[in-house]
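For reference, the chains in residue letters:
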Amino acid sequence: MLRRVLAETGDALVSVFFPGGCRLCERLLTRASRLPICEECLGAFPALPLRVCPICGSPALAATTLEPRSSESESPPGSERRTCLDCAERTYRFDCARSYAAYRGTLARAVVLLKFERIDPLAAYFGERLASLAQRTDLAADIIVPVPLHRVRERERGFNQAELIAKEVAKRLRLPFKPVLLMRTKARPDKHILTNDERWRIVRGAFATRPGSQVDNKRVLLVDDVMTTGATLDACAGALLEAGAKSVIGLTVARAVRRETPTGIGE
Ligand SMILES: [Zn+2]
Ligand SMILES: [Zn+2]
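Residues take numbers from 1 onward in each chain, read along the sequence in its written order. Chain letters start at A and ligand numbers start at 1, both assigned in the order the entries are written. In keeping with the model being predicted, local features are shown solely for residues with a pLDDT of at least 70 and side-chain atom pairs are shown and tallied solely at 80 or more, while totals for entire chains, interfaces and linings include all residues. Calculated side-chain values reflect all of the structure's heavy atoms, with hydrogen atoms and water omitted.

Caption draft 1: Layout of the coordination of the zinc ion (ligand 2). Coordination of the zinc ion (ligand 2) by the protein is provided by Cys53 (SG), Cys56 (SG), Cys84 (SG) and Cys87 (SG), with metal-donor distances spanning 2.3 Å. Linear spacing of the donor residues for the zinc ion (ligand 2) on their chain is C-x2-C-x27-C-x2-C. With Cys53 in the loop between α2 (39-43) and β1 (65-66) and Cys87 in helix α3 (residues 85-89), this residue pair connects regions lying 34 residues apart in the sequence. Here the coordinating atoms are restricted to nitrogen, oxygen and sulfur within 2.8 Å of the metal centre, or 3.2 Å for Na, K and Ca, and because water is not among them the sites may look incomplete. Note on conventions: DSSP H or I runs of at least 4 residues are helices, E runs of at least 2 residues are strands, and numbering of each starts at the N terminus.

Caption draft 2: Geometry of the pattern of salt bridges. Note on definitions: salt bridges are taken to be side-chain nitrogens of Lys or Arg within 4 Å of carboxyl oxygens of Asp or Glu. This model, assessed by the stated rule, comprises eleven salt bridges. Note that Arg23 is salt-bridged to Glu117, the shortest N-O span being 2.8 Å. Of this pair, Arg23 sits in the loop between α1 (2-17) and α2 while Glu117 sits in the loop between α4 (105-116) and α5 (120-136), and the two are 94 residues apart along the sequence. Overall, Arg23 belongs to the partly exposed group, its relative accessible area being 38%. Exposed residues in this analysis have more than 50% of their type's maximum accessible area, buried residues have under 20%, and partly exposed residues fall in between, with area computed by a 1.4 Å probe over protein chains only. Judged by its relative accessible area of 34%, Glu117 falls in the partly exposed class. The salt bridge partner of Arg172 is Glu168, with a shortest N-O separation of 2.7 Å. With Arg172 and Glu168 both in helix α7 (residues 161-173), this residue pair falls four residues apart, about one helical turn. The partly exposed category is assigned to Arg172, whose relative accessible area is 30%. The buried category is assigned to Glu168, whose relative accessible area is 14%. Look at the salt bridges and you will find they share partners, linking Glu128, Arg129, Glu168, Lys171 and Arg172 into a network.

Set out below in structure tokens:
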């Protein structure tokens with residue numbers, strides 16, 4: 001009887017006894033940090049390998065291809081870069097995109113947690129990871145811009161998680177933070193699961209720069225929480241380039257990766 005009661009109230013008991021437990025696994029947090037995620041969960045974030053597609057950042061280089069070139073003979077030797085198959089077929093309006101880790105496991109849960117709950121220390125943790133990734137990979141930029149939420153969505157939620165992360169990136173890279181430069185003019189539909197085609201369709205013309213925004217000749221580092229197909233980053237890049245930006249680089253915490261793709265840490 002007692003055992004059953006304990007089993008039923010287990011979760012409640014854990015939260016009573018360990019009010020500051022890890023938000024992903026409820027393990028007791030032993031270190032003095034405001035980040036409510038334990039070392040084990042942080043250590044299980046599925047890192048991406050060093051070698052990724054030079055354009056979209058995908059680790060899916062198992063079936064590689066050479067970046068399309070105008071002519072084999074005109075290219076200087078060694079100039080070819082291996083891209084993923086998607087990038088061999090399509091062009092994005094951003095120069096390149098990079099992500100901290102694969103969107104699955106504890107990282108996916110942490111990203112979702114930040115989407116629905118404003119946990120500033122978690123945004124700071126992600127911001128630090130992205131800033132060091134930008135430095136390590138020489139991503140040059142003049143300003144930091146978060147991917148905006150539609151104003152109705154932002155009002156519902158109370159904050160924009162991409163903005164929280166981008167602000168931390170800007171602070172660490174000592175670059176101007178421009179959260180109101182871009183705006184989302186068309187909201188994402190409520191439907192949770194979207195096909196890839198739907199993702200590209202719904203973001204078409206969904207972003208615009210605010211009138212009077214100073215983006216002329218600026219290299220923009222565009223920050224978001226997750227990159228799925230690249231459609232959102234591409235649409236934002238389009239609006240920024242139209243407004244006169246020199247270039248756009250996408251930087252996201254997580255990246256959707258197909259299951260069969262090898263990543264840094266095995267599952
Ligand atoms: Zn944990
Ligand atoms: Zn690619």
